[in-house]
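Residues per chain are reported as follows:
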Amino acid sequence: MTKYIDEAKAILAANDRGGYTVPTDRLYPFQWNWDSAFVAMGFAAYDIDRAYRELERLAEGQWTDGMIPHIVFHQPSDSYFPGPDVWRTNHVIPTSGITQPPVFAMALRKIYETAVATGSVENKRTLTLYEAALKWHRWWYSARDPEGTGLVALLHPWESGSDNSPAWDVALARVATTTETPVVRKDIGHVNPQMRPRDEDYGRFIHLLDTYAACGWDPVEQWQQAEFKIADIQTSAILLKAGEDLHYLAAVLGRAGEADEIAVLNERTRQALKAQWRSHLSRFVSRDLLAGEDVVAATQAGFIPLLALDLDEATADAAAAEMRRWCKGMKVVFPTTEPLSASFEAKRYWRGPAWAIINWLLIEGLHRNGHAGFAAELRQSTISAIETEGFAEYFDPKTGEGCGGLGFSWTAAAYIALEK
Ligand code: 9WN
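Residues numbered from 1 in each chain as written. Predicted model: local features only at pLDDT ≥ 70, side-chain atom pairs only at ≥ 80, totals over all residues. Heavy atoms only, no water.

Asker: Honestly, the pattern of salt bridges in this entry has me stumped. Any pointers?
Answerer: Side chains carrying opposite charge are able to pair once their charged atoms draw close together. What the rule picks out here adds up to 36 salt bridges. Across the pair Arg368 and Asp310 runs a salt bridge, and its minimum N-O distance is 2.9 Å. Within this pair, whereas Arg368 is found in helix 14 (residues 356-368), its partner Asp310 is found in the loop between strand 8 (293-295) and helix 13 (313-327), the two being separated by 58 residues in sequence. In the salt-bridge network here, residues are joined through shared partners; they are Asp49, Arg53, Glu56, Glu122 and Arg125. (Salt bridge = Lys/Arg side-chain N within 4 Å of Asp/Glu carboxyl O. Helix = DSSP H or I, 4+ residues; strand = E, 2+ residues; numbered from the N terminus.)

Okay, here's the thing in structure tokens:
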């Protein structure tokens, strides 16, 4: 059924820059955090050594406080803005100063289990990466949930991986578009500007970056100065799923004390996530911590908690029914914004398009919550979109058109992983 596996592998090979994979040539010429974790899960299907290597190269960028940054600038390139000179993080290996969804431990468990099954497990490499993941999870809880609510907060939309999602519109409207750093966009020289965030988004992204650079990237200072602070359900759900995988790894690696510590953190997040269900919306909602309000914009994030929770049947059915409603009339699913909402834009990045990696998470969530049939439909839609249009960054859900960057690594990795 999946006939382009060799092509998918060729894309990962072409985007290899020496043990790490760039998302795509020119548009994204560095190592991105959650992209690499998805890519590592793709590699796990056929090259365990390379899968380990992907995570190891990402962990090279880890800060002493535990944060794994959203970009590691292993080699210079002038085809992306903002580069290391704008981030000013003074890390030995240049990195950005913010993070991205913690898919890392999910990838590590996948690599470990596949390696065990094929007799190729490497204990030392597993242990070193496990320790990096544990340090990062501890960072999430101390730096991004200092009050111990169980939900972790984002201080920058780029940390969500869903940069210009309508979910951020209300909160971002409070952030000035003025910047100290001149905004010299490179992205719109690579792809159609109508598929990208708008200039005012970039103004705000860089305004926040300047604010945190002025804090010397100190997490406590940033927490106090933050003009954008969202307790995000997509990130928290990924953290919990990754936390479950980390707990599994702690147990198999004989780290009983750490397993107990992780279990406590997981349980707190589990309860907090459950409390974000809104039955009148049939989805979960994030929380704007500065406004003290729910984030009610209808985006894919509302269903990502299925990945990490075992919902009662009625709740799972309500979420699945709402998801199905969004799919009506779509050529490719799953739309990242509710198609009937005013903020839906079929081609503009995170404001509507379907993304293979989001589908991957939703497919797992539907499986976990008793909707295997729907999961199979979502999987089929993802595979067909790729087979029709190629390994695009994302897809217009109304027309199916492949959009954004082409030859995209995580789309290739999703294709390989979904074959299984
Ligand atoms: C900023 C690399 C990354 C993804 C994000 C996606 C996009 C960057 C950008 O590309 O973000 O991090 O410059 O637009 O939104 O999810 O990790 O593929």
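Now, onward.
Asker: Is there a simple way to think about the site of the ligand in this case?
Answerer: Neighbouring residues of the ligand: 17 residues in total, closest Asp35, Tyr80, Gln100, Gly161 and Asp163. In this structure, an oxygen atom belonging to the ligand sits 3.2 Å away from a side-chain N or O atom of Tyr28. Between the ligand and Asp35 there is a distance of 2.6 Å, counted from an oxygen atom to a side-chain nitrogen or oxygen. Here the ligand has 410 Å² of accessible area as a free molecule, and 100% of this is covered by the chains. Taken together, the residues of the shell around the ligand sort by class into eleven nonpolar, three polar and three charged. When residues of the shell around the ligand are assigned to domains, at least three map to each of domain 1 (28-144) and domain 2 (311-420). (Near = heavy atom within 4 Å. Polar contact = N/O pair within 3.5 Å; in protein donor to acceptor, adjacent residues only side chain to side chain. Areas by Shrake-Rupley, 256 points an atom, 1.4 Å probe, with all protein chains shown as cover. Nonpolar A, V, L, I, M, F, W, Y, C, P; charged D, E, K, R; others polar. Domains from an automatic or database assignment.)

Asker: Explain empty space enclosed by the protein to me, please; I cannot follow it from the model alone.
Answerer: A probe matching the size of a water molecule, rolled over the atoms, marks out where space remains unfilled. For the structure on display, the rule yields six cavities of 30 Å³ or more. In this structure, the largest cavity encloses a volume near 200 Å³. Taken together, 19 residues make up the lining of the largest cavity; nearest its centre are Tyr28, Trp32, Gln100, Asp163 and Tyr349. Looking at the lining of the largest cavity, its residues break down into twelve nonpolar, three polar and four charged. (1 Å grid on protein atoms, 1.4 Å probe; cavity = no way out; pocket = protein on both sides within 12 Å on 5 of 7 lines; lining within 4 Å. Points joined across faces, edges and corners; volume = space filled by probe spheres on them.)

Asker: Sorry if this is basic, but what is going on with helix 12 (residues 256-274) here?
Answerer: Note on helix geometry: an α-helix contains 3.6 residues per turn, so any two residues three or four positions apart are oriented the same way. With 19 residues, helix 12 should cover 27 Å at 1.5 Å per step; its first-to-last C-alpha distance of 27 Å lies within 8% of that length. Every buried residue of helix 12 is accounted for by Glu258, Ala259, Ile262, Leu265, Asn266, Thr269, Ala272 and Leu273. Buried positions in helix 12, seen along its axis, are confined to an arc of 150° and lie on one side of it. Helix 12 presents Ala256, Gly257, Asp260 and Val264 as exposed residues on the side facing more than 90 degrees away from its buried surface. Where helix 12 is buried, its residues contact helix 6 (123-144), helix 11 (233-252), strand 5 (277-278) and strand 6 (283-284). (Expected span 1.5 Å × (residues − 1). Buried < 20%, exposed > 50% of the residue type's maximum accessible area, 1.4 Å probe, protein only. Arc of directions from axis to C-beta. Contact = heavy atoms within 4.5 Å.)

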